[in-house]
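# Chain and residue survey
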Amino acid sequence: MPDDIVPTTTAPKPAPLDKKAYKSDQEVRWCPGCGDYSILNAVQQLLAQLGVPRHQLCFVSGIGCSSRFPYYMNTYGLHSIHGRAPAFATAIKTANPELQVWIATGDGDGLSIGGNHMLHLLRRNIDVKVLLFNNQIYGLTKGQYSPTSPPGLKTKTSPMGSVDRAVDPIRFALGCGATFIARTIDTHQKHMLAVLEAAAKHKGTAFVEIFQNCVIFNDGCFDEVIERSVRDDKTVDLIPGKPLVYGKQLDKGIKIDAAEARVVAPAEATSWDPSTRSAAAAFVLSEMAEQPGSPTPIGIFRSIQSPTFDEGMNKQVQAAVAKRGPGKLQDLIWSGDKWDVK
Amino acid sequence: MPQSTSELPLQLIDSVVIRFAGDSGDGMQITGSQFTHTAALFGNDLATFPDFPAEIRAPAGTQPGVSGFQIRFASSDIHTPGDAPDVLVAMNPAALAVNIKDLKPGGIVIVNTGQFGDSDLAKARLTSNPLKDHSLDAYRVIEIDINKRVIEALAGSTLSPKEVQRCKNFYTLGLMYWLYNRDMEPTLKWLAEKFAKEPAMVEANQKALRAGFNAGDIQELFQGRFEVPKCDVLPPGTYRNIMGNQALSMGLVAGAELAGLKIFIGSYPITPASPILESLAGYKQFGVLSMQAEDEIAAVCAAIGGSYAGHLGVTSTSGPGLALKQEGIGLAIAIELPLVIVNVQRGGPSTGLPTKTEQADLLQAIFGRNSEAWLPVIACATPSDSFDCAVEACRIAVQYMTPVILLSDGYIANGSEPWRLPKLEELKSFPARFRTEVENFLPYDRNADLARPWVKPGTVGLEHRVGGLEKAHLTGHISYDAENHEFMVNMRAAKVMKVRDSIPTPKVEGPARGEVLLLGWGSTYGSIWGAQEMLAEQGIEVARMHLRHVWPLPHGLDEIFARYKTVLVPEMNLGQLVRVLRGEFPQRNFVSYPKVQGLPFRVHELVAKVKSLLGR
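Starting afresh in each chain, residues are numbered from 1 along the sequence in its written order. Each chain is given a letter, starting from A, and each ligand a number, starting from 1, according to the order in which they appear as written. Residue-level local features of this predicted model are given only where pLDDT is at least 70; pairs of side-chain atoms are given and counted only at 80 or more, and the full residue set underlies all totals for whole chains, interfaces and linings. Calculated side-chain values reflect all of the structure's heavy atoms, with hydrogen atoms and water omitted.

## Some points on the overall build of chain A
The helix and strand inventory of chain A stands at 11 helices and 14 strands. If you line up chain A on its principal axes, its C-alpha atoms span 90 × 45 × 45 Å. Throughout, a residue-residue contact means that at least one pair of heavy atoms, one from each residue, lies within 4.5 Å. The long-range share in chain A, meaning contacts at least 24 apart out of those at least 6 apart in sequence, stands at 66%. Residue burial considers only the protein chains on display, and all accessible areas are found by Shrake-Rupley using a 1.4 Å probe. Carbon and sulfur atoms provide 54% of the accessible area of chain A, an area that totals close to 14,600 Å². Positive charges are assigned to Lys and Arg, negative charges to Asp and Glu, while His and the chain termini are left out of the count. A single reference atom marks each charge: NZ on Lys, CZ on Arg, CG on Asp, CD on Glu. Chain A carries 37 positive and 34 negative side-chain charges, and their two centres are separated by 3 Å. Helix and strand assignments follow DSSP, with helices taken as H or I runs no shorter than four residues and strands as E runs no shorter than two, numbered in order from the N terminus.

Given below as structure tokens:
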């Protein structure tokens, strides 16, 4: 090894930082009123709260409005190509395990062009955090329908209404076997902070869908659920260990039995456990909002422990070194059956 | 040495070409590799050419299911696996039908008559039996019922009749060992190791091998035996036999070590490149992180991520995979990180000929990305040269902070030859430097090679962002400025052209001026050399030169090209290098000699082409 390579482990620990320290010197170029601002704000606040040193953070993104995120963070950042952030992030975390790696992606980047990579990120359980900004529209290309747009949505490429069925990010992540799955809302800072904190502390892939408003091309798409005046009655927060009660007066509950989740009195509500072996209850909840009169679940759908890919890969390297000794170039080249020519 | 008691005359010969051909399930690749292994240990120079179908097991006995392995071994320094076999071993009618046209007139064909029943002929779609219709009259046909002989040899074995038949290839190998006076010991040993857990298999195959060898003595099939003496004209040193993919994989590990880096390889299995990922997955003791990605795109992106994180990113693929990776490679060019992309070329377009060779990805490698996205391209000439080229690809990638495409092809990847093992002190290191100084840090500052600083994320005080959007010179901030864009486009191109300052002008072999310069790149190396030698034997002196660096082209070429009336460029494509050369040296005379048959050039073809050019 050349001796001018300084391992990251010897890096001195810098002083704790406030929120401002995580802001880069770049001008933020999202549209005024965009939901992305509040997500950026929440992430910066959370990192300051947790005291994660800036040099140990790496934000990776693909393409789209949400994917500009790394430029606004005064950390390491890689703005990659459309849909592929999970592949970059997988390698970054595996090759440099001391980094805390975050992915910023959107419904198009993460579930359309990058759907395949998202599947494999989630199933491999890489220790990275995924912020999926879901605004049900393509923003940066100026307003075409996305894979999460509701059927019938009229856009520039669907003038008679989209005939695509929509994918539900939570159910997608459940199907992929993700070990942490949550949903939060751009306008609900307190909730977002709590969910992101749980995500940051999860070891493994933490997948967070964020309802994010696009003021220009799909304004108010979540209003029926998230608008402040209705939010408490239209959402139910999934908090581990707490009963599934909701409503302004906490006057309603959710009971899960068999393959159904229904609205009940608070006393009858199921106590929420996202760490069960089976993901069935989470799946039932993920479909609940489609029943008329049922709330939309937000909060933590799933949180289980499972080995991570990055650790597994590095353990294999350590095991090989322990078993065979550190590889020597001489042994590598001078292997096999040989003969001499004099 | 051989245990033969034969009193038949032993004829010394310089070089022999044998082709083993049989059904995909007949074990011809193993037979060929074992013969190769033995020839190598004996000290012959050799070259091999495996040729097999893309299907794992095409229907038994059919022509598409035929798998072949050609080896040439010699007491002189040889450069190709030979134009035409001296001996063809045909395990069934399909193998005979597919290969007989290649056999030298008067050559020996050894036929397994046990597989020549009516149904076997029908499977091969033959309407008459070649053993009876005089179509083989031009050859010396040796008929032997190997099916039956194996049953006799293994009488009393605990193996099932089907398993007994699977020992046919070792019986055949034994017979060839007898014919060429070879030692059975290396193969006996190999069998013992290979089937260590199945003693019955070891015993049966060893028995079959010995029975085949003894048959040579007992059966009076041949009038004489042959001996190809050791090759003592190779440069002195320690040698081993090596396949291209193997040498290339070892070269990558060596290159990373010489740079003081660990490898992160992201790859997706694809013929004929998969053995590179397989090999590297087995080199974990060198700190190699190997990831079998979900697709070609994820593979290149993961490799770039690995480089971003401070490893040496590597991805290996074949033509269709390279097409998928190109957007990712463009990003690596924009963010200026080292990356080695290995492309083991095969026949195309599309899926094309997965197991056959071609060198038609040159233009894809040099130009195949959106916009002005330049990168260095280098090409392996032979199986053992793949080691040096892999090291060279790593050097350029690290020194210039750039992706590098390393071209191999199916012929090199699966072929083998003796490799003179380099001594460690012969390998020059090129340590990677990671920036740690905070003061005056600019992510897109450049050194004398025009390379930007490499910063490992995790380094305190150097936090910065990179990405695919155009960057401002020095700061790396997003910039849509018109003049900055043009400056950066030129800068990236200039950096790639700067590679020329660290590469040698290739050497001309043969007359320093004259009528014809044979110019090659990639796997045409051996055929061109062979052609030059054959022409010299006929009194025609031509020069030859080989390009390892195909982009950027080395300094000093124009002056060389000017000294020849014609520069003849044989390529296994429709003339891709010629297009590049005509663009760079419009005043010189290039003649393209294309061949796109999924097969390497034969020496005779090149000789005929040169002669026709010279009007002789």
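Still more ground to cover, so stick around.
## Re the nonpolar core
Note on terminology: a nonpolar core comprises buried Ala, Val, Leu, Ile, Met, Phe, Trp, Tyr and Cys residues joined through side-chain atoms within 4.5 Å. Categorising residues by exposure relies on relative accessible area from a 1.4 Å probe, with only protein chains included: less than 20% of the type maximum marks a residue as buried, more than 50% marks it as exposed, and the intermediate range marks it as partly exposed. The biggest cluster of nonpolar side chains holds 164 residues, and the ones touching the most others in it are A:I92, A:L285, B:L252 and B:F561. Ranked by residues supplied to this core, first place goes to helix α14 (residues 385-400) of chain B with 10 residues. Ignoring anything within four residues of it in the chain, the contact list for A:L285 reads A:L238, A:L244, A:I254, A:I256, A:A261, A:W272, A:P297 and A:F301. B:M91, B:L154, B:F195 and B:A204 belong to the second-largest nonpolar core, a separate cluster that totals 53 residues.

## Comments concerning the sheet that holds strand β11 (residues 289-292) of chain B
Residues and elements named next belong to chain B. At least two bridges found by DSSP between two strands is the condition for calling them paired. As summarised here, the arrangement of the seven strands in space is β11-β10-β12-β13-β15-β14-β20, forming an open sheet in which the pairing is mixed. The strands lining the two open edges of the sheet, one partner per strand, are β11 and β20 (549-551). Taken pair by pair, the neighbouring strands of this sheet meet at an average axis angle of 20°, ignoring direction. Here strand β10 (residues 263-267) runs beside strand β12 (residues 312-317); their pairing, made up of three bridges, is parallel. Bridging across to β12, F264 finds its partner in G313. Throughout, an axis means a line fitted to C-alpha atoms (over the contacting stretch in the case of helices), and angles, computed between N-to-C directions, take values from 0 to 180 degrees.

## Structural notes on the packing of aromatic side chains
Residues and elements named next belong to chain A. Here is the rule: rings of Phe, Tyr and Trp (six-membered ring for Trp) pair when centre to centre is within 6.5 Å. Planes less than 30 degrees apart are stacked, more than 60 are edge-to-face, and the remainder are tilted. This structure, assessed with the given rule, holds 25 aromatic pairs over all chains. Both rings, one in F59 and one in F69, keep their centres 5.6 Å apart while their planes meet at 35°; by these two values the pair is tilted. On the criterion of sequence distance, the pair formed by F59 in strand β1 (residues 57-61) and F69 in the loop between β1 and β2 (76-79) is long-range, its members being 10 residues apart. On the basis of relative accessible area, F59 is assigned to the buried category, the value being 0%.

## A word on the domain arrangement of chain B
Residues and elements named next belong to chain B. The start and end points of each domain follow an automatic or database-based domain assignment. Per the domain assignment, the segments making up chain B are domain 1 (10-227), domain 2 (240-426) and domain 3 (514-614). Summarising the inter-unit geometry, the C-alpha centres of domain 2 and domain 3 are found 26 Å apart. In this complex, domain 2 contributes 30 residues to the contact, which on the side of domain 3 involves 23 residues. Summed over both partners, the accessible surface that disappears when two parts come together, traced with a 1.4 Å probe, is what is meant by buried area. For the pair domain 2 and domain 3, the summed buried area comes to about 2,100 Å², and 65% of that belongs to carbon and sulfur atoms. The rule for a salt bridge is simple: a side-chain nitrogen of Lys or Arg has to be within 4 Å of a carboxyl oxygen of Asp or Glu. At the boundary of domain 2 with domain 3, the tally comes to one salt bridge. Between D385 and R548 there is a salt bridge, with the nearest N and O atoms lying 2.6 Å from each other. Definition of a polar contact: a pair of N or O atoms within 3.5 Å, with one able to donate and the other able to accept a hydrogen when the atoms are protein atoms, and with sequence-neighbouring residues admitted only if both atoms are side-chain atoms. At the boundary of domain 2 and domain 3, one finds 13 residue pairs in polar contact (both at pLDDT 80 or more). Elements supplying a minimum of two residues to the side of domain 2 that touches domain 3: α13 (362-367), β14 (377-379), α14, β15 (403-409) and α15 (410-414). In terms of residue count, the dominant contributor to the side of domain 2 that touches domain 3 is α14 (five residues). Any residue that is not Ala, Val, Leu, Ile, Met, Phe, Trp, Tyr, Cys, Pro, Asp, Glu, Lys or Arg is counted as polar, Gly included; the first ten are nonpolar and the last four charged. Residues that form the side of domain 2 that touches domain 3 fall into these classes: 19 nonpolar, four polar and seven charged.

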